Amino acid sequence: MNFLRQISTGIETVVSFFGRAGAWLAIPMMVVILFDVIGRRFFNTGSTALQDLEWHFHGALFLLAFGWAYIRDEHVRIEILRERWQPRTHAVIEILGVVFFLLPYCFVVIWFGIDFVERAYLRNEGAPGGMGLSHRWIIKSFLVIAFILFALAGINRIIRAIDALCARHGDGSRECRGR
């Protein structure tokens, strides 16, 4: 079980690093928004590229923080049901949800996302009409990165749930059972 905890800690470190890095994107995003708003309001200037950059920062911030929120258990839950469950029930439902829903979904998004990014890169895809940002493959790659991090976060939650299911006895030994 100690080996699994080390894996879980490593996953948390990686996902948290990307989540924190994504959180820092809020600062340049706010600067770009402020510059765009002031330019539009007071100098009658407008820039589709600036608006694209705002959305790219916003998308990258959200996508990088997605897995981090899941690891920290700060994501949306149906609390009206969850608050009535025992800790073992939480753990079993967490494992089932991750194995049957989260991981398959992540793998599908990653599988198709890689092709999505590759096509954008090969076509040198940019904003329609050439008014916005070029190199759309960069922002599209954040989708793949985010779902890899989200899948890692799901694996981390499975490890933590298995750990919660393993009871520690008075002699220091552990016994794992599902009930």
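Residue positions are counted from 1 within each chain, in the order its sequence is given. At least 70 in pLDDT is required for a residue's local features to be given in this predicted model, at least 80 for side-chain atom pairs to be given and counted, and no such filter applies to totals for whole chains, interfaces and linings, which use all residues. Derived side-chain values reflect all non-hydrogen atoms in the structure, with water molecules and hydrogen atoms excluded from consideration.

Caption draft 1: Quick peek at the overall build of the protein. Secondary structure assignment for the protein yields six helices and two strands. Secondary structure elements in the protein, listed N-terminal to C-terminal, are α-α-α-α-α-α-β-β. Accessibility here uses a 1.4 Å probe with only protein chains present; expressed as a share of the type maximum, an area under 20% marks a residue as buried, one over 50% as exposed, and anything in between as partly exposed. Burial analysis of the protein (179 residues in total) assigns 34% to the buried set. Sequence separation of at least 24 residues holds for 72% of the intrachain contacts in the protein that already meet a minimum separation of 6. Per-residue accessibility takes into account occlusion by the displayed protein chains alone, with areas from the Shrake-Rupley method and a 1.4 Å probe. Entry remark: accessible area of the protein is about 11600 Å², with carbon and sulfur atoms responsible for 68%. Strands here are runs of E lasting at least two residues and helices are runs of H or I lasting at least four, both read from the DSSP assignment and numbered beginning at the N terminus. Contacts: residue pairs with any heavy atoms within 4.5 Å of one another.

Caption draft 2: Layout of the packing of helix H1 (residues 2-23) against helix H6 (residues 136-165). Only C-alpha atoms enter the line fits that serve as axes; for helices the fit covers just the stretch in contact. Angles between N-to-C directions range over 0 to 180 degrees. Between H1 and H6, whose axes approach to 9 Å, the crossing angle comes to 145°. Note on packing geometry: the crossing formed by H1 with H6 is left-handed. Of the residues in H6, those in contact with Leu4, Arg5, Ile7, Ser8, Thr9, Ile11, Glu12, Val14, Val15 and Phe18 of H1 are Leu149, Leu152, Ala153, Ile155, Asn156, Ile159, Arg160 and Asp163. Its residues assigned to classes, the contact of H1 with H6 comprises 11 nonpolar, three polar and four charged. Left-handed is the label given to a crossing in which the near helix is rotated counterclockwise from the far helix by less than a right angle, and right-handed is the label when the rotation is clockwise. Amino acids outside the nonpolar list (Ala, Val, Leu, Ile, Met, Phe, Trp, Tyr, Cys, Pro) and the charged list (Asp, Glu, Lys, Arg) are all regarded as polar, and Gly is one of them.

Caption draft 3: Examining the environment of glutamate 54 more closely. Topologically, glutamate 54 is positioned in helix H3 (residues 48-71). Looking at glutamate 54, the relative accessible area reads 15%, which means it is buried. In the structure, glutamate 54 is positioned 25 residues away from methionine 29 in sequence and 5.7 Å away in space, judged by C-alpha atoms. Setting aside its immediate chain neighbours within four residues, glutamate 54 contacts Met29, Val32, Ile33 and Asp36.

Caption draft 4: Quick peek at the confidence of the model for the protein. The quantity called pLDDT is the predictor's confidence in a given residue, expressed from 0 to 100. Summing up the model confidence of the protein, the mean pLDDT is 88 and the portion of residues at 70 or higher is 90%. When mean pLDDT is compared element by element in the protein, H6 scores highest at 95, while strand E2 (residues 174-176) scores lowest at 61.

Caption draft 5: Quick peek at the packing of H3 against H6. Between H3 and H6, the least distance of the axes is 7 Å, while the angle of their chain directions is 10°. As the angle between them shows, H3 and H6 are arranged roughly parallel. Class assignment for the residues of the contact of H3 with H6 results in 15 nonpolar, four polar and three charged. Small angles under 35 degrees read as roughly parallel and large ones over 145 as roughly antiparallel, with 65 to 115 read as roughly perpendicular and the rest as oblique.

Caption draft 6: A look at helix H2 (residues 26-42). Here, expected helix span is obtained from the residue count minus one, scaled by 1.5 Å. An ideal rise of 1.5 Å per residue puts 24 Å on 17 residues; H2 measures up with 24 Å between its terminal C-alpha atoms. Restricting attention to buried positions, one finds in H2 the residues Met29, Val32, Asp36 and Gly39. The buried residues of H2 occupy an angular sector of 105° when the element is viewed end-on, so they sit on one face. Exposed side of H2, more than 90 degrees from the buried face: Met30, Val31, Leu34, Arg41 and Phe42 are the residues found there. The secondary structure elements touched by the buried residues of H2 are H3. Directly after H2, the chain includes asparagine 44, whose backbone phi takes a positive value near 50°. In this description, the arc belongs to the directions extending from the helix axis to the C-beta atoms.

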